[in-house]
Amino acid sequence: MKNFKFISLFLVLVISVTGCKEESSVADAVKKDLVKKQIVGEEISQLSYAPNVPPPITRDHPTKVIVNLETKEVTQRLADGVDYTFWTFGGRVPGKFIRVRQNDLVEFNLSNHPDSKMPHNIDLHAVTGPGGGATSSLTAPGHTSKFSFTAAIPGLFVYHCATAPVGMHIANGMYGLILVEPEGGLPKVDKEYYIMQSEFYTKGAYGDAGHQSFSMKKALAENPDYVVFNGSVGALTGDNAITAEKGETVRLFVGNGGPNLVSSFHVIGEIFDKAFTEGGLIANHNVQTTMVPAGGSTMVEFGVDVPGTFILVDHSIFRAFNKGALGMMSVSGTEDLAMYSGKQSDALYQPEGMMVAKAAVVEAVATNPAERVHLGEKIYQNNCTGCHQSDGQGLEGAFPPLAKSDYLQNKLNSIAAVKNGLSGTVKVNNHNYNGAMPNLGLSDESIANVLTYIYDSWGNSKLVVTPAEVSNVEPGGSSEIAGH
Amino acid sequence: MKIYAAIAAASLTFSASSLQAIPEGMVKIDGGVFTPFFDKDKDGNNQVLNMDAFYLDKAPVTNLDYVKFVAENFKWSKSKVKGIFAEPSYLKHWSGDFSFSNNLAHKPVKNVSWFAATAFCENQNKQLPTMMQWEYVAAADETSKMATGTDTYRRKILDWYGQPSNGEVSDVMQGEKNVWGIYDLHGLHWEWNLDYNTALVTGESREDSKLNKNLFCGSGSLGAKDKLDYGAFMRFGYRSSLKGNYTVGNLGFRCAKKISLQ
């Protein structure tokens, strides 16, 4: 339709600008256009399972393409140890990839396997007409429906089953992609792959072993247990990874069967040179993550310059690492260290103010009790207030008080607690505390100062602690104070 | 048209019979009020059906039942059946006109067309249950006559519908019977109904809410009473994919009988 509109506009423009002289050349253009759309010959479409894509179309004219697709209900692996009864186009999820050329006349034969429990049909988003084919293709088990359409508009389109209940037919795996190549084809690339995301709603949780059935409740809540590429967890990882060689260009035909979620499609460590957003004709450039709507698609192209494993994810990231939406692309070739160096060194990192750096700082040394209290206050503020609070009251039930604490009556215990840390139950002012106190790694001088500050504060006993006393307490693991 | 003819024919047959006792192998289904799955009439009003009492076969018709019928009605044998009444796959699980492997005797007959099923029932002075009769009884579980809203009922049906129909099903009357005393409405196979194609669900289930046809106005989802009753959606979808001469590997039938008034 678009073409006709364009041509008639062209016609009007040409006539109004140049007059009748040009009429014959306009007629030629129209004729040429009709010739371009003339169906020549007939062929049976070669379909492919994901992640493979049928070869590019080299024809320079439309033809009659016969597509034979079978709906089949099969029990297959969804994840290791987990089976699911998938409803499929062609025996696997996603359905077989269909590749035709713009203006091809597609004769579609949809066969429903005799063992199917359900009738099925097909809605191809590439079809303009009621139901996208669904009105003409409802097929009982053991039957074949035939309908035809002209693939008038180029693009990458989702197809899916639309039999009631539609959501369940899609949720069980009934979707795939049909590519309508524009006249002249797509630019040549080295590798093409077919990737389709979708989610599964199972009675059991993710990973629950055995045969899992469809959970309508979770589907309604749009809360899937599995979000996967190409129909199962691991369909694109390890030995199943897609491959490319360094220097090649890769095109991914990415679809999203849904039924509910929108994908944030991303390849870790790659930038899409081109992303044909929503499967249309406009390429966005230099894209990191592209949205793929449920019942929609995108076509991405990129060159691979660095060897290694590249991870394909739905960057709605918990789906990738917890629900299965993770694939791999393995790129072989020699490394290009300028493009990506790999790890060049591993050195110690010491941010300012951290404990390790402190050792280099010259410590202030107190010469009298007043200086100890003064220096000890700073140490207390830096190390102790988080638990014991700035007023020494502690936190009820969690951290014991230091203000008027009976624990402080024993100076040696106090020194040991700060020097070595504490663990186990501590009884302070008739309350038990179970939280551990870490060994703070303070110097003897600092311990003497902070304890002197504590004894000087909050109505405590004004004792003075010296570094020599601290030094005399045995260092060791955290003190187990029992029966205090 | 054929449906009305069949109903008329069936009515004539029944007016001649007089029945007091419950026929052998059947159960009396009491009348009652029933809200069908597609509960809007053509004007968009809620419809509630007053169901008359009727008799229904306890179990689906088995291969053994069916071969007896074929023996007396040779025109319904594999070799003699007319193409307009049944597809070539008619009784394809039988090895000959009267033969099938022994283990199939008490399994439900399948690969039979609507015409064949109708002829079988008429031969016994019965008829196929109407869709509403079938749905009325199928709404029951073991303890309740109207269980369609419960999670366990839905779960059980979804689990069965989720399994493909490969492999043989078990013999009839092996599972639980529902509160009416009827077996195997769910869990073995699908069943023909007298008026299977009158719920006007089109091939395109999403546009059906626009349909305004007489009889039962089917609608893909907007007209449904309970959008969670996926079992019912699937049954209506399944029925609408059929034609009268279709023979399908998971589709059998049972018969119903009117209760005649003296």
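Residues numbered from 1 in each chain as written. Chains lettered and ligands numbered in written order. Predicted model: local features only at pLDDT ≥ 70, side-chain atom pairs only at ≥ 80, totals over all residues.

Visitor: How should I be thinking about the overall build of chain B in this particular structure?
Guide: From N to C terminus, chain B includes 6 helices and 7 strands. When the elements of chain B are put in sequence order from the N terminus, they spell out α-β-β-β-β-α-α-α-α-β-α-β-β. Taking all 262 residues of chain B together, the buried fraction comes to 44%. Summarising the internal contacts of chain B: among those between residues at least 6 apart in sequence, 74% fall at separations of at least 24. (Helix = DSSP H or I, 4+ residues; strand = E, 2+ residues; numbered from the N terminus. Buried ≥ 20, exposed ≤ 12 C-beta atoms within 10 Å, placed from the backbone. Contact = placed C-beta atoms within 7 Å.)

Visitor: Mind showing me how you'd approach unusual backbone geometry here?
Guide: Glycine aside, residues mostly have negative phi angles, and peptide bonds mostly take the trans form. Residues and elements named next belong to chain A. For the bond running from Ala164 to Pro165, omega is -10°, close enough to zero to count as cis. For Pro165, the location among the structural elements is in the loop between strand S8 (155-160) and helix H3 (166-171). Backbone geometry at Gln389 places phi at a positive 70°, although glycine is not the residue there. Within the secondary structure, Gln389 sits in the loop between helix H8 (385-388) and helix H9 (411-420). For Gln389, a count of 15 C-beta atoms within 10 Å translates into the label partly exposed.

Visitor: Just checking my understanding: could you explain the interface of chain A and chain B for this structure?
Guide: How big an interface is tends to be stated in terms of the accessible area lost upon association of its parts. Of the residues lining the interface, 30 residues belong to chain A; the matching set on chain B comes to 31 residues. The set of elements that each furnish at least two residues to the side of chain A that touches chain B consists of strand S2 (64-79) and H3 of chain A. Its residues assigned to classes, the side of chain A that touches chain B shows 16 nonpolar, 11 polar and 3 charged. (Nonpolar A, V, L, I, M, F, W, Y, C, P; charged D, E, K, R; others polar.)

Visitor: Help me understand the sheet that holds strand S12 (residues 226-229) of chain A in this model?
Guide: Within a sheet, adjacent strands bond to each other through the backbone by hydrogen bonds, running parallel or antiparallel. Residues and elements named next belong to chain A. Pairing is mixed in the open sheet, where 6 strands are placed in the order S12-S10-S14-S19-S16-S17. The open sheet terminates on both sides in strands that have one partner only, identified here as S12 and strand S17 (283-287). Neighbour-to-neighbour, the strand axes of the sheet open up by a mean angle of 20°, direction not taken into account. Examined bridge by bridge, strand S14 (residues 249-258) and strand S19 (residues 296-303) share 8 bridges and lie antiparallel to one another. Among the inter-strand pairings, Thr249 is bridged to a residue of S19, identified as Gly303. (Pairing = 2+ DSSP bridges. Axes fitted to C-alpha atoms, helices over the stretch in contact; angles between N-to-C directions.)

Visitor: How do you make sense of the sheet that holds strand S20 (residues 308-314) of chain A when you look at a structure like this?
Guide: Residues and elements named next belong to chain A. If you trace the 5 strands from one edge of the open sheet to the other, you get S13-S21-S20-S15-S18, paired in mixed fashion. One side of each edge strand has no neighbouring strand; the edge strands of this open sheet are strand S13 (242-245) and strand S18 (289-292). Taken over all neighbouring pairs, the strand axes of this sheet differ in orientation by 25° on average, direction set aside.

Visitor: I tried to follow the pairing of S20(A) on my own but got confused; where do I start?
Guide: Both faces of the sheet carry side chains from a regular strand, because those side chains alternate between them. Residue and element names in this part refer to chain A. Of the pairings in the sheet, the one linking strand S15 (residues 263-267) to S20 comprises 3 bridges and is antiparallel in character. Among the inter-strand pairings, Phe265 is bridged to a residue of S20, identified as Asp314. Where S20 and strand S21 (residues 326-332) come together, 6 bridges link them in antiparallel fashion. Bridged to Phe310 within S21 is Met329.

Visitor: Quick question: what am I supposed to make of the confidence of the model for chain A here?
Guide: For residues with low pLDDT, the predicted coordinates do not support detailed interpretation. Residue and element names in this part refer to chain A. Per-residue confidence for chain A averages 87 on the pLDDT scale, and 90% of its residues sit at or above 70. Taken element by element, the predicted model of chain A shows its lowest mean pLDDT in helix H1 (residues 2-18) (45) and its highest in strand S10 (residues 191-200) (98). This model gives residues 1-21 a pLDDT under 50, and the stretch forms 6 contacts once residues within four places in sequence are excluded. (pLDDT = per-residue confidence, 0-100.)

Visitor: Honestly, the pairing of S8(A) in this entry has me stumped. Any pointers?
Guide: All names here are of chain A. A large share of S8 lies buried, amounting to 6 of its 6 residues. Every second residue of S8 is oriented toward a common face, with Gly155, Phe157 and Tyr159 on one face and Leu156, Val158 and His160 on the other, all of them buried. Relative to S8, strand S6 (residues 123-124) runs antiparallel, the two sharing 2 bridges. By the bridge assignment, Leu124 is partnered in S8 with Tyr159. The sheet contact formed by S8 and strand S9 (residues 175-181) spans 6 bridges and is antiparallel. Paired with His160 across the strands is Tyr175, a residue of S9.

Visitor: For this particular structure, what's the right way to read the packing of H9(A) against helix H10 (residues 444-456) of chain A?
Guide: Axis angle and axis distance: for two packed helices, these are the angle between their axes and the distance between the axes, and together they describe the pair. Residue and element names in this part refer to chain A. Put simply, H9 and H10 touch, their axes get as near as 10 Å, and they point 130° apart. Of the possible angle classes, the one that applies to H9 and H10 is oblique. In terms of crossing hand, the pair formed by H9 and H10 is right-handed. Contacts between H9 and H10 pair Ser414, Ile415, Val418 and Lys419 from the former with Ile447, Val450 and Leu451 from the latter. For the contact of H9 with H10, the residue count by class is 5 nonpolar, 1 polar and 1 charged. (Parallel < 35°, antiparallel > 145°, perpendicular 65-115°, else oblique. Left-handed = near helix turned anticlockwise from the far one by under 90°.)

Visitor: I would appreciate a short explanation of the nonpolar core in the present structure.
Guide: A general tendency of soluble globular proteins is for nonpolar side chains to be buried together. Residues and elements named next belong to chain A. Leu177 and Ile195 are the most contacted members of the largest nonpolar core, which has 143 residues in total. If we ignore the near neighbours within four places in the chain, the residues touching Ile195 are Ala50, Pro51, Phe229, Asn230, Leu236, Leu252, Val254, Leu312 and Gly327. In this structure, Ile379, Leu402, Tyr433 and Ile454 belong to the second largest nonpolar core, which totals 25 residues. (Core = buried A, V, L, I, M, F, W, Y, C linked by C-beta atoms within 7 Å.)

Visitor: Looking at this model, I keep getting lost on the confidence of the model for chain B. Mind explaining?
Guide: All names here are of chain B. Looking at chain B, pLDDT values average 81 and 76% of them are 70 or higher. Low pLDDT, under 50, characterises residues 1-19; the stretch is placed with 18 contacts to residues that sit more than four places away or in other chains. Between residues 208-220, whose pLDDT stays under 50, and residues either more than four places distant or in other chains, the model counts 41 contacts.

Visitor: Could you clarify how one ought to interpret helix H6 (residues 230-240) of chain B in this entry?
Guide: One turn of the α-helix equals 3.6 residues, which is why residues spaced by three or four share an orientation. Where burial is concerned, most of H6(B) is hidden: 11 out of the 11 residues are buried. In this structure, the buried side of H6(B) is in contact with H3 and helix H4 (216-220) of chain A together with helix H5 (151-161) and strand S5 (190-191) of chain B.

Visitor: Explain the environment of Gln197(A) to me, please; I cannot follow it from the model alone.
Guide: Residues and elements named next belong to chain A. If you trace the backbone, Gln197 turns up in strand S10. For the pair Gln197 and Ala294, spaced 97 residues apart in the sequence, the C-alpha separation amounts to 8.9 Å. Not counting chain neighbours up to four residues away, the residues in contact with Gln197 comprise Val227, Phe229, Asn256, Ser263, Val292, Asp314 and Ala325.

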